[in-house]
Amino acid sequence: MHKITKQKDHLIVPDKVVIPFIEGDGVGAEITPVSQKIVNAAIEKAYDGKRAIEWKEVLAGEKAFNKTGSWLPDETMDAFREYMVGIKGPLTTPIGGGIRSLNVALRQTLDLYVCLRPVRWFKGVVSPVREPQKVDMYIFRENTEDIYAGIEWQQGTPEAHKFLKFLTEEMGVTKVRFPETSSFGVKPVSVEGTERLVRAAIEFALTNKLPSVTLVHKGNIMKFTEGGFKLWGYALAEREFADKTFTWPQYEKIKKEKGEAEAVKAMFDASAAGKVIIKDVIADAFLQNTLLIPEEYSVIATLNLNGDYISDQLAAMVGGIGIAPGANINYDSGYAIFEATHGTAPNIAGKNIVNPSSLLLSSVMMLEYMGWNEAANLITAAMEKAFSKGDATNDLARFMPAGKSLGTREFGDCIISLL
């Protein structure tokens, strides 16, 4: 068995490869073995034994704490660095001091600056919207900046008082409504952080022949952080992808100089020539538009907090977070950790009823990232067949007209039978 390495701009993936995994807390103990069993079967089916994954368990979360006294042992981080690509189940975040979030710690330690959340509808899954088939988006959520940087001070502490004093005495701030009882947070957004995220989103759109990249922001209010994200994103597109993109500022310039008809024609001509359209929208308007005109959006590039809201709303539109996959990726270093996007769900743990689809679809993303698309396609096709027949775990099956509720393990066996 061998390790994944990176050479220039692409991964070198051996046919026999070691993948470190974190089983996860709560329902992680159920969804992880089922997902691995399906992935193993799909690889065997697709490659007739010529390729295989050796799963290497590493520890994090409650299981790690109980065994080692550490919520995130150094050995786990070392394994992800050594093997480059890994996958994890949901993790318990420790209460009290120390690590704010294990997920955030993993992302920031390995500088996994893209949180990639693809959202699509599977035929047969009941959705709260009328035309869920129109929802087909890839969310590139910035993973290391914004409020998730965790820079904040609690009300009443000496640190909060010191920060308030700096704001008022050094910076001349007068708009804190209740200064003595306020907590404070800092929202860093950088040129470099913006550019590498937008670059990854544009390259993804070009590679996959997707029509547009939309910069989602709240720049009308936060003019220098989220507004900067918008401006820096456009500047990056026009500087590095001038011959492959058509931006909304270019549209506005043509409209001003030659009229709206010429601007529309230029945009359609660019799209017909295979150029990616780069546009932007205010975050609250975007949330409304995804319900009204989701077909107008393809790749989304946004900051961390916006991306949190957006990805969960879009997941709900196609059936829920139980079938929403996710990945944390550094496209420069090649490091990537794929993950279930839901929590540990301790209320249903051990009952053989949890839906493993989020982790399974994250496994599909991992296979695609490795270039093992044949195995990935077998899994998604089998899931589509199962859902179309009404075969699903109870969270989905109970809403299907001919739904048949399957246990976690039974759903896994069903998918394997349909590969």
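Everything here concerns the structure above.
Residues numbered from 1 in each chain as written. Predicted model: local features only at pLDDT ≥ 70, side-chain atom pairs only at ≥ 80, totals over all residues. Heavy atoms only, no water.

> I'd love a proper account of the overall build of the protein chain, names of residues and values included.
A tally of regular secondary structure across the protein chain gives 15 helices and 17 strands. For 419 residues, the compact-globule estimate of 2.2 N^0.38 gives 22 Å, and the protein chain sits close to it at 23 Å. On the principal axes, the C-alpha backbone points of the protein chain span a range of 60 × 60 × 45 Å. The buried share among the 419 residues of the protein chain stands at 50%. For the protein chain, the exposed surface amounts to about 19,700 Å²; the carbon and sulfur share of it is 53%. (Helix = DSSP H or I, 4+ residues; strand = E, 2+ residues; numbered from the N terminus. Rg over C-alpha atoms; globule rule 2.2 N^0.38 Å. Buried < 20%, exposed > 50% of the residue type's maximum accessible area, 1.4 Å probe, protein only. Areas by Shrake-Rupley, 256 points an atom, 1.4 Å probe, with all protein chains shown as cover.)

> Outline the pattern of salt bridges, listing residues and values.
Taken as a whole and judged by the stated rule, the model has 21 salt bridges. A salt bridge links glutamate 23 to lysine 63, with the nearest nitrogen and oxygen atoms 3.2 Å apart. Pair noted here: glutamate 23 is in the loop between β3 (16-22) and α1 (28-47) and lysine 63 is in helix α2 (residues 62-68), with a separation of 40 residues, a long-range link. A relative accessible area of 19% means that glutamate 23 is categorised as buried. (Salt bridge = Lys/Arg side-chain N within 4 Å of Asp/Glu carboxyl O.)

> Kindly report on unusual backbone geometry, identifying the contributing residues and their values.
Note: most residues except glycine have negative phi, and most peptide bonds are trans. A positive phi angle, close to 60°, is found at aspartate 146, a residue other than glycine. Accessibility expressed as a relative area gives 0% for aspartate 146, which makes it buried. Positioned with a positive phi, alanine 345 is a non-glycine residue whose angle comes to about 45°. For alanine 345, the location among the structural elements is in the loop between β15 (336-340) and α12 (357-370).

> Tell me about the nonpolar core, residues and numbers included.
Within the largest apolar cluster, 80 residues are counted, with the highest numbers of intra-cluster contacts made by Ile19, Ile53, Ile379 and Phe387. Per element, the largest residue contribution to this core is nine residues, and it comes from α12. Residues contacting isoleucine 19, with those up to four places away along its chain left out, are Ile4, Ile53, Glu54, Trp55, Lys56, Val85, Gly86, Ile87, Met366 and Met370. Residues Val18, Leu72, Leu91 and Leu110 belong to the second largest nonpolar core, which totals 16 residues. (Core = buried A, V, L, I, M, F, W, Y, C linked by side-chain atoms within 4.5 Å. Contact = heavy atoms within 4.5 Å.)

> Quick rundown of the packing of helix α10 (residues 283-292) against helix α11 (residues 304-317)? Include the residues and the values.
Running from N to C, α10 and α11 cross one another at 10°; their axes reach a closest spacing of 11 Å. When the axes of α10 and α11 are compared, the pair comes out roughly parallel. Contacts from Ala283, Phe286, Leu287, Thr290 and Leu291 in α10 reach Asn306, Ile310, Gln313, Leu314 and Met317 in α11. Residue composition of the contact of α10 with α11, grouped by class: seven nonpolar, three polar and no charged. (Axes fitted to C-alpha atoms, helices over the stretch in contact; angles between N-to-C directions. Parallel < 35°, antiparallel > 145°, perpendicular 65-115°, else oblique. Nonpolar A, V, L, I, M, F, W, Y, C, P; charged D, E, K, R; others polar.)

> If you had to explain helix α4 (residues 102-109) to someone new, which residues and values would you point to?
Along α4, the residues classified as buried are Leu102, Val104, Ala105, Leu106 and Arg107. Where α4 is buried, its residues touch β3, α3 (74-83), β5 (85-88), β14 (325-329) and β15. Of the residues one or two after α4, aspartate 111 is the one with positive phi, at around 55°.

> Describe the pairing of β3, naming the residues involved and giving the relevant values.
The element β3 is extensively covered by neighbouring structure, given that six of its seven residues are classed as buried. Here β3 runs beside strand β4 (residues 52-57); their pairing, made up of six bridges, is parallel. Bridge pairing in β4 places valine 18 opposite glutamate 54. In this region the chain leaves β3, passes through α1 and returns to the parallel neighbour β4; the handedness of that crossover is right-handed. Across two bridges, β3 lies against β5 in parallel orientation. (Pairing = 2+ DSSP bridges. Right-handed = clockwise from strand over helix to strand, strands pointing away.)

> Before we move on, could you go through helix α6 (residues 191-207) and cite the residues and values that matter?
Given 3.6 residues per helical turn, the α-helix brings residues three or four places apart onto the same face. If you check α6, its first and last C-alpha atoms are 24 Å apart, about what 17 residues at 1.5 Å a residue would give, namely 24 Å. The N-cap residue of α6 is serine 190: its side-chain oxygen and the backbone nitrogen of glycine 193 are 2.8 Å apart. Lysine 209 lies just past α6 and shows a positive phi near 55°. (Expected span 1.5 Å × (residues − 1). Polar contact = N/O pair within 3.5 Å; in protein donor to acceptor, adjacent residues only side chain to side chain.)

> Kindly report on the environment of tyrosine 234, identifying the contributing residues and their values.
When you line up the elements, tyrosine 234 lands in helix α7 (residues 226-240). Among the residues examined, tyrosine 234 registers a relative accessible area of 5% and is labelled buried. Distance in space between the C-alpha atoms of tyrosine 234 and alanine 64 is 44 Å, their sequence separation being 170 residues. Not counting residues within four places of it along the chain, the set of residues in contact with tyrosine 234 comprises Leu215, Thr247, Trp248, Pro249, Ile278, Lys279 and Asp280.

> Lay out the side chain of threonine 144 in plain terms, naming residues and giving numbers.
By secondary structure assignment, the location of threonine 144 is in the loop between β7 (136-142) and β8 (151-153). With relative accessibility at 17%, the residue threonine 144 sits in the buried group. In this structure the side chain of threonine 144 is engaged in a polar contact, spanning 2.7 Å, whose partner is the side chain of glutamate 142. Only 3.5 Å separates the side chain of threonine 144 from the side chain of arginine 196, close enough to count as a polar contact. Sequence-distant contacts of threonine 144, defined by excluding residues within four places in its chain, comprise Gln108, Asp111, Leu112, Tyr113, Ala149, Arg196 and Asn304.

Coordinates in, geometry out; function isn't part of it.
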